Amino acid sequence: MTDLRDNDTWLRDLRSEGALREQALADLMALLARQLPYGLSRYIAPSDPHSAALIEEVIQETLMRVLERLDTFEGRSQFTTWVFKIAVHMALNELRRKRWQDVSLDALDNEAENPQPLVEMLATPGATPETTVARQDALERILKLIREELTSRQQAALLAVSFEGVPMEEVARRMNTNRNALYKLIHDARVSLKRRLEQEGLSPEALMEMFSQDG
Amino acid sequence: MYAMDKLLSFLRRLVTRRAAQPSPVAKLMAALAMTDEGEIACDEFHALLDQFAEAAKRGEDVRALMPLVQKHLDMCPDCREDFEGLMSMLAA
């Protein structure tokens, strides 16, 4: 479909009243109905009965969000790209929420019972190839650093996101925070660990090699 | 200085939720190797995503042009999915 409006025209039409605005909204709706399934094709097949309902819901919410946030569009991209971005973000969040809402996640739901969830996971027999003395020593040092540098909250977050593949939004929800703050929490954790390793004369790259070899 | 390719492919295994993953300690070390002090978080990434995606679609060297956005992509599984979804929509 050729986009017949340039950015300025989209903004003008959506800020106007009556027929111009209605037409612009209708065109956006049609565009999203056509394109959004492609954005979600990795996660939901178009033939899936839930797909149509989800897409419909997301399109409505996207149009509302677009109108609310029209003044934040900076014109650094095509208007339709900006709209697609909003739509795909919303759709993926909704998909993740539905998929994970009933999943039980021990480390997140039982924070008090798991003060060192990351340490526990890494120390689990079989989690890590420990067949050499060098590896055993290195692992002990790493676990010690984690215990000293990371709070249980940071450990739980890192464990869930980086090792259990739980979506950030879901982890954030269970930890009563938001995705942005969670990213910063995890980033701080990574930075602390990296600094400590370097202070101790250990190289993450060398350790990565050491623990990637078989046997 | 470690080869970026190797670190990236390692990290991709860390951040994807697909099968056959390296040992947890190796994954953690890969993430630490890739960690920068000054990373942007998800909100800032999201604000720049449309620009970034269009540049990527034009075949520009986005890693060089928008390194902070690229770094966030390397490190954040959810935002990576947003990016890939948007690229699929732009390509359609």
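Just above, that's the structure.
Residues numbered from 1 in each chain as written. Chains lettered and ligands numbered in written order. Predicted model: local features only at pLDDT ≥ 70, side-chain atom pairs only at ≥ 80, totals over all residues. Heavy atoms only, no water.

Caption draft 1: Up close: the overall build of chain B. The helix and strand inventory of chain B stands at 6 helices and 0 strands. Counting from the amino terminus, helix and strand elements in chain B follow one another as α-α-α-α-α-α. Every one of the 92 residues in chain B was classed for burial, and the buried ones make up 60%. Taking as baseline every contact in chain B between residues at least 6 positions apart, the subset at least 24 positions apart corresponds to 63%. Total accessible area on chain B stands at roughly 3900 Å², and carbon and sulfur atoms take up 55% of it. (Helix = DSSP H or I, 4+ residues; strand = E, 2+ residues; numbered from the N terminus. Buried < 20%, exposed > 50% of the residue type's maximum accessible area, 1.4 Å probe, protein only. Contact = heavy atoms within 4.5 Å. Areas by Shrake-Rupley, 256 points an atom, 1.4 Å probe, with all protein chains shown as cover.)

Caption draft 2: Up close: the interface of chain B and chain A. Opposite the 48 residues of chain B that make contact, chain A presents 54 residues. Taken together, both faces of the contact between chain B and chain A bury some 4500 Å²; the carbon and sulfur share is 63%. Where chain B meets chain A, there are 8 salt bridges. Asp-78 of chain B serves as the salt-bridge partner of Arg-96 of chain A, at 3.9 Å between the closest nitrogen and oxygen. Remark: the boundary between chain B and chain A carries 23 residue pairs in polar contact (both at pLDDT 80 or more). Sorting the residues of the side of chain B that touches chain A by element identifies helix 1 (4–15), helix 2 (24–34), helix 3 (42–57), helix 5 (67–75) and helix 6 (77–91) of chain B as the ones contributing at least two each. Per-element accounting of the side of chain B that touches chain A gives the leading share, 11 residues, to helix 6 of chain B. Tallied by class, residues from the side of chain B that touches chain A come to 26 nonpolar, 7 polar and 15 charged. (Buried area = accessible area lost by both parts, 1.4 Å probe. Salt bridge = Lys/Arg side-chain N within 4 Å of Asp/Glu carboxyl O. Polar contact = N/O pair within 3.5 Å; in protein donor to acceptor, adjacent residues only side chain to side chain. Nonpolar A, V, L, I, M, F, W, Y, C, P; charged D, E, K, R; others polar.)

Caption draft 3: The arrangement of unusual backbone geometry in detail. Of note in this structure, Asn-176 of chain A is not a glycine but carries a positive phi near 55°. Tracing the backbone shows Asn-176 of chain A in the loop between helix 9 (168–174) and helix 10 (179–199).

Caption draft 4: Here's a closer look at the packing of aromatic side chains. Residue and element names in this part refer to chain A. For the structure on display, the rule yields 5 aromatic pairs over all chains. For the pair Phe-73 and Trp-82, a centre-to-centre distance of 5.2 Å together with 55° between the ring planes defines the contact as tilted. For Phe-73, a relative accessible area of 9% corresponds to the buried category. Residue class for Trp-82 comes out buried when judged on its relative accessible area of 6%. (Phe/Tyr/Trp six-rings, centres within 6.5 Å; stacked < 30°, edge-to-face > 60°.)

Caption draft 5: Representation of the pattern of salt bridges in the model. Taken as a whole and assessed by the stated rule, the structure comprises 27 salt bridges over all chains. A salt bridge links Asp-13 of chain A to Arg-12 of chain A, with the nearest nitrogen and oxygen atoms 2.7 Å apart. Among the charged side chains, a salt-bridge network with shared partners connects Arg-96, Glu-169 and Arg-179 of chain A together with Asp-78, Glu-81 and Asp-82 of chain B.

Caption draft 6: Focus on helix 7 (residues 133–149) of chain A. In this model, helix 7 of chain A (17 residues) spans 24 Å end to end at C-alpha, consistent with the 24 Å of a helix rising 1.5 Å per residue. All buried positions along helix 7 of chain A are accounted for by Arg-135, Ala-138, Leu-139, Ile-142, Leu-143, Leu-145 and Ile-146 of chain A. Axial view of helix 7 of chain A: buried residues confined to an arc of 160°, hence all on one face. Buried residues along helix 7 of chain A sit in contact with helix 6 (117–123), helix 8 (152–163), helix 10 and helix 11 (204–210) of chain A together with helix 2 of chain B. (Expected span 1.5 Å × (residues − 1). Arc of directions from axis to C-beta.)

From the geometry alone we can't say anything about function, so treat these as descriptive.
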